[in-house]
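The primary structure of each chain is shown beneath.
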Amino acid sequence: MKIFNRLAVRAVVTMSLLIPGLVFAHAKLTEATPGNGDVLNVSPDTVDLHFNEDVRLLSVTVAKADGAQVEIGFTPSSDASMHFSVALPDLAKGVYIVTGAIMGDDSHRVEVALTFTVDAAATPVTNQPSATTEHAEEHAHSH
Amino acid sequence: MSSWDLAGLASKFTGLCAVAIVVGGGFSIWLDVHMGNPFRRRLLSYVLVGAIAGTVSACLFFLIQVGAINQAGVAGMWDWPMAKILATTGLGYATGLRVLGCVMAAGSAVVLSRSAHTIMRRRLGSVSIAALFTVQCALMVFSFPMMGHVANLGMLAQAALIVHVLSVFLWIGALYPLWQLCTADANATTHRTMVRFGEIAKFILIALIASGTYLIFELLSSFRELLDTAYGQSLLFKLIGVTGLIALAGLNKFLLVPDLQKGSAAVTRLRRSIQMEMLVALAILALTAYFTTAVGPPS
């Protein structure tokens, strides 16, 4: 019985060494400014995106709610980073949808999206970063 | 799921089948060096088909990712600057390795189909073929941990994935050649090959189960995730399929292969069983392609 117990303890210790903690498998958006659902009185200068790991930002598009594209002149780069700042032109009043594609170390393509509103007359709304992340990210990992 | 995701899924499934064909086909040639030339040529054609399909599917998968990022229709697949960026990621390196392995496999299949008899009779020739086969297999299986969920994990998990995919492909890819061997004129050579495969398959099975179990522990943080998450449930379905595959393999090894020399009815039974094994194997590969593409482990 002692031998059995000793083996059981060793097995548990070995397994605990082998099994890692919680696995975070994919790159994801952790914070964005403006946040998803934000209402701003003035046009933001940039969209700032923060991720949980180094990613390559492969595409970013900004469009109005009616589908009209906003020219932002984004150029993809092979440089990986956790933070990206994308310059925006002066935006008129309206609802804007930002979409992008990122790729982390696992080579999964993950699509991110967030919506914000520019309206000088509206009451400003700023969402918490965590809430923004949850709602902003869409999984479309491909591979 | 977008049409890009579906296209990626299809090319991934084709790629898995193709690598299985190349690895398992090469293994089958090594398995029975005394096989006749006509059968060896058929196996080499099998490897060639796998190598071509592997090359095409790997390139296609890469281009589909380019197209999916651009969201500009099929024309978006040919965006050279984006392709250059993706070439520097794990996806690019994995595609390169897999294409290199497949091209080498295609080249050796063509050369061997012309002069296999001469080469295989010489010891140096057969050793060279075994070495070439090993290099090709290494290139292909080493591409797997470069992308996907295991890419973010430690060296041990990546090594486990290499062992896992190698075991799977050696087994699954050898099923078609074994099925081809079960013809009406099955003879002592057929029986010997089946027995040899059964002996080696024991070790393949141990490696497969050990590495697979370790990977499950790595990818899931609790047993509940196996039941409560889409990824866990897909894994569970895969495990059911693998259990079925192991059951069929046991049936073949312990009941059907020993009876093989008793007549054509026994050969037919083994042929049907291997056929069933191939169908289950295809379902497992399809499921693997699906849950590694569309689901992903819980985070």
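Residues numbered from 1 in each chain as written. Chains lettered and ligands numbered in written order. Predicted model: local features only at pLDDT ≥ 70, side-chain atom pairs only at ≥ 80, totals over all residues. Heavy atoms only, no water.

S.K.: Tell me about a nonpolar patch on the surface, residues and numbers included.
M.R.: Among the surface-exposed residues, M1, L6 and Y290 of chain B lie close enough to one another that they form a single nonpolar patch of about 310 Å² accessible area. On the secondary structure map, M1 of chain B appears in the segment before α1 (3-31). (Patch = residues over 30% accessible without salt bridge, like charges linked within 9 Å, V, L, I, M, F, W, Y side chains within 5 Å. Areas by Shrake-Rupley, 256 points an atom, 1.4 Å probe, with all protein chains shown as cover. Salt bridge = Lys/Arg side-chain N within 4 Å of Asp/Glu carboxyl O. Helix = DSSP H or I, 4+ residues; strand = E, 2+ residues; numbered from the N terminus.)

S.K.: Tell me about the state of the cysteines, and please be specific about residues and values.
M.R.: Following the criterion strictly, the structure yields 0 disulfides over all chains and no others. This cysteine, C17 of chain B, is not joined by any disulfide, and C102 of chain B carries the nearest cysteine sulfur, 13 Å off. (Disulfide = S-S within 2.5 Å.)

S.K.: Any chance you could break down the nonpolar core for me, citing the residues and the numbers?
M.R.: Residue and element names in this part refer to chain B. Counting 71 residues, the largest nonpolar core has F27, F169, M194, F197, L270 and I274 as its most contacted members. Among the secondary structure elements, those contributing two or more residues to this core are α1, α2 (37-70), α4 (90-121), α5 (123-142), α6 (155-181), α7 (188-219), α9 (230-256) and α10 (264-295). Two domains each donate at least three residues to this core, and these are domain 1 (1-147) and domain 2 (153-299). Those residues in contact with F27, other than ones at most four positions away along the chain, are F133, L170, A174, F197, I200 and I204. (Core = buried A, V, L, I, M, F, W, Y, C linked by side-chain atoms within 4.5 Å. Buried < 20%, exposed > 50% of the residue type's maximum accessible area, 1.4 Å probe, protein only. Domains from an automatic or database assignment. Contact = heavy atoms within 4.5 Å.)

S.K.: With reference to specific residues and values, describe the domain arrangement of chain B.
M.R.: Residues and elements named next belong to chain B. Domain assignment breaks chain B into domain 1 (1-147) and domain 2 (153-299). Domain 1 and domain 2 are separated by 20 Å when their C-alpha centres are compared. Buried area between domain 1 and domain 2, both sides added, is near 2500 Å², and the carbon and sulfur share of it is 78%. Per-residue buried area on domain 1 facing domain 2 is highest for F27, L31 and P145; these three make up 22% of the total on that side. Our count for the domain 1 to domain 2 interface comes out at 0 salt bridges. The interface formed by domain 1 and domain 2 holds 4 residue pairs in polar contact (both at pLDDT 80 or more) in total. If you tally residues by element for the side of domain 1 that touches domain 2, the top one is α1, at 16 residues. Considered class by class, the residues forming the side of domain 1 that touches domain 2 number 19 nonpolar, 4 polar and 4 charged. (Buried area = accessible area lost by both parts, 1.4 Å probe. Polar contact = N/O pair within 3.5 Å; in protein donor to acceptor, adjacent residues only side chain to side chain. Nonpolar A, V, L, I, M, F, W, Y, C, P; charged D, E, K, R; others polar.)

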